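# Observations on the three-dimensional arrangement
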Amino acid sequence: PSLRIGRGRPRGPVDPVGETGRARGGTFSTALSNSAAFGGANAVFAIGRSPRAPREALCRAVSIVGLGVIATPEGVVRDACAIAGACGDVDLRGADPSARLAIAATRRALDDAGLRVRGDSRDRTGIFGGASAPPRASVEEYRKSLERGLDRASAPAFARTVWHSPFGCVSTTFGARGPATTVAADEVAGLLAIAYAARWLRQRDDADHIVAGGLDERPIDTLDEEGAALVVLAAGSKGPRVAGVAAASSSEEAIARALASAGLRASDVESWSRPPRSPAASFGSAMAFIAAARAIREGARTALVSAEGPQGAIAIALLGEEP
């Protein structure tokens, strides 16, 4: 039984927990577990007694149709007005610096793709982000609010401290209601998010577009590099193609697997991108992917991007558009 349920909701079941207050026996074939989280990331598990055949894996082509970047170089003061302007005509109240970077880069990627998220496309557009740290300004705002006492802690700041919050803001800003996730991995999070999105589009049929990439907000009181680099991946569209994706314990293994998946040899690669060493590692690994995509746009027939961190390595092979 549920404690303190009271009378229940109007027009609801007359007896939601049993008149005796004791649990009642029953036989169930299916159960749902619902989780609604801060930042707009929600999940539901469906658990059943009867075995089901696994979902048939598809093999759809995945193309890169949009690129979007906004960044503040190392040593340069953040231009908050320019970032807000790049976000377009949207309500930025409650959006911290991480969210504004993510919104601005998404706006540029969608504009580059010529894509508008509206109507039925909202349910088939997803957001996959990678981050190296939670939103730093909101973490600091919440920490300062605690100094006033627990009873005066900032609830809005607390809700923005979760890692997914910036990409949740992207989802709500643009009305994207498709699959969403945020990954955290040292050095490779941005590229990992892109790789995850590419595999999702290739193997599943519940999304047509996924905005994916990496974000880094500079630490408080520093002039480190910061930025967001996001791409729009599409299933079945024309454009540079994601031909091979691999994750492994080392760069050598990930590269070999990605090339084999794309039907390429190392000698076939015309452009090779790796992220530079930088405190903005999630942004940097996504920027390496964008550099490879730009090389394909400029005429290279093949490109490879790879990144490695303490937890493992990611490699993605790209091919030019088929004639």
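Residues numbered from 1 in each chain as written. Predicted model: local features only at pLDDT ≥ 70, side-chain atom pairs only at ≥ 80, totals over all residues. Heavy atoms only, no water.

## Quick look at the overall build of the protein
Short version of the rule: Strands are runs of DSSP state E lasting at least two residues, helices are runs of H or I lasting at least four, and both sets are numbered from the N terminus onward. The cut-offs for exposure are 20% and 50% of the maximum accessible area for each residue type, with area from a 1.4 Å probe on protein chains only; residues under the lower value are buried, those over the upper are exposed, and the others partly exposed. Residue contacts are defined here by distance: any two heavy atoms, one from each residue, within 4.5 Å place the two residues in contact. Working definition of accessibility: Shrake-Rupley area with a 1.4 Å probe, residue cover restricted to the visible protein chains. His is not counted, nor are the chain ends, whereas Lys and Arg count as positive and Asp and Glu as negative. For this purpose, a charge sits on NZ of Lys, CZ of Arg, CG of Asp or CD of Glu.
Broken down by element type, the protein carries 8 helices and 11 strands. Projected onto its principal axes, the C-alpha positions of the protein cover 75 × 55 × 40 Å. Every one of the 323 residues in the protein was classed for burial, and the buried ones make up 44%. Across the protein, contacts joining residues at least 24 apart in sequence account for 70% of those joining residues at least 6 apart. Summed over its atoms, the accessible surface of the protein is roughly 17300 Å², and 51% of this surface lies on carbon and sulfur atoms. In the protein, 39 side chains carry a positive charge and 35 a negative one; their mean positions are 7 Å apart.

## Details of the packing of aromatic side chains
Note the following rule: The criterion for an aromatic pair is that two Phe, Tyr or Trp rings (for Trp, the six-membered ring) have centres within 6.5 Å, with stacked assigned to planes under 30 degrees apart, edge-to-face to planes over 60 apart and tilted to the rest. The criterion is that NZ of a Lys, or CZ of an Arg, lies within 6 Å of the ring centre and within 35 degrees of the ring normal, and then a charge sits over that ring.
All told, the structure shown has 4 aromatic pairs when counted by the stated rule. Between Y142 and F158, the ring centres sit 5.3 Å apart and the planes meet at 50°, which makes this aromatic pair tilted. Of this pair, Y142 sits in helix α3 (residues 136-146) while F158 sits in helix α4 (residues 155-160), and the two are 16 residues apart along the sequence. Using a relative accessible area of 35% as the deciding quantity, one classes F158 as partly exposed. Judged by centre distance (6.1 Å) and plane angle (70°), the rings of Y196 and W200 are edge-to-face. With Y196 and W200 both in helix α6 (residues 189-203), this residue pair falls 4 residues apart, about one helical turn. Classification of W200 by relative accessible area gives buried; the value is 18%. The ring of W272 carries R274 above its face, with NZ or CZ at 4.2 Å from the centroid.

## Notes on empty space enclosed by the protein
Operational definition: Only protein atoms enter the 1 Å grid used here. Points where a 1.4 Å probe fits but cannot escape make up a cavity, open sets with protein on both sides within 12 Å along at least five of seven lines make up a pocket, and a residue lines them when an atom lies within 4 Å of a point. Grid points are joined across faces, edges and corners, and a volume is the space filled by probe spheres set on the points. Lys, Arg, Asp and Glu make up the charged group, whereas Ala, Val, Leu, Ile, Met, Phe, Trp, Tyr, Cys and Pro make up the nonpolar group; the residues left over, Gly among them, are polar.
By the definition in use, this model includes 1 cavity of 30 Å³ or more. Here the largest cavity defines a volume of roughly 80 Å³. Lining the largest cavity, in full, are S98, A131, S132, A133, P134, P135, R136, W163, P166, L215, D216 and E217. Classifying every residue of the lining of the largest cavity gives 7 nonpolar, 2 polar and 3 charged.

## Section: the pairing of strand β8 (residues 241-248)
This is how the line gets drawn: Strands pair, by our definition, only if DSSP identifies at least two bridges between them.
Counted residue by residue, β8 has 6 buried out of 8 residues, so it is predominantly covered. Pairing of β8 with strand β11 (residues 312-319), which is carried by 7 bridges, proceeds in the antiparallel orientation. Within β11, the residue paired with A247 across the bridge is I314.

## Description of the packing of helix α2 (residues 97-113) against helix α5 (residues 165-174)
Which entries qualify depends on this criterion: The angle between two axes is taken between their N-to-C directions and runs from 0 to 180 degrees, where each axis is a line fitted to C-alpha atoms and a helix contributes only its stretch in contact. An angle counts as roughly parallel when it lies under 35 degrees, as roughly antiparallel when it exceeds 145, as roughly perpendicular when it falls between 65 and 115, and as oblique in every other case. Two helices crossing with the near one rotated counterclockwise from the far one by less than a right angle form a left-handed crossing, whereas a clockwise rotation gives a right-handed crossing.
For the pair α2 and α5, interaxial distance at closest approach is 8 Å and the crossing angle is 50°. Judged by the angle between their axes, α2 and α5 are oblique. At the point where α2 passes α5, the crossing takes the right-handed sense. Counting all contacts with α2, which are made through S98, A99, A102, I103, T106, R107 and L110, the residues of α5 involved are P166, F167, C169, V170, T173 and F174. In terms of residue class, the contact of α2 with α5 is made up of 9 nonpolar, 3 polar and 1 charged.

## What to know about the side chain of S271
Take S271: it is sitting in strand β9 (residues 271-273). Of the residues examined, S271 reaches a relative accessible area of 17% and is grouped as buried. Those residues in contact with S271 that sit more than four places away from it in its chain are A295, T302, A303 and L304.

## Digging into helix α7 (residues 251-262)
What counts, and what does not: To estimate how far a helix should extend, the number of its residues minus one is multiplied by 1.5 Å. This arc corresponds to the set of directions leading from the helix axis out to the C-beta atoms.
Between the first and last C-alpha of α7 there are 16 Å, a value that for 12 residues agrees with the 16 Å anticipated at 1.5 Å per step. All of the buried residues along α7 are S251, A254, I255, A258, L259 and A262. Down the axis, α7 shows its buried residues gathered within 125° of arc, on one side only. Exposed residues lying more than 90 degrees from the buried face of α7 are E252 and A260. Buried residues along α7 sit against β8, β9, β10 (302-309) and β11. With its phi angle positive at about 70°, G263 sits one or two positions after the end of α7.

Any link to function would need more than the numbers given here.
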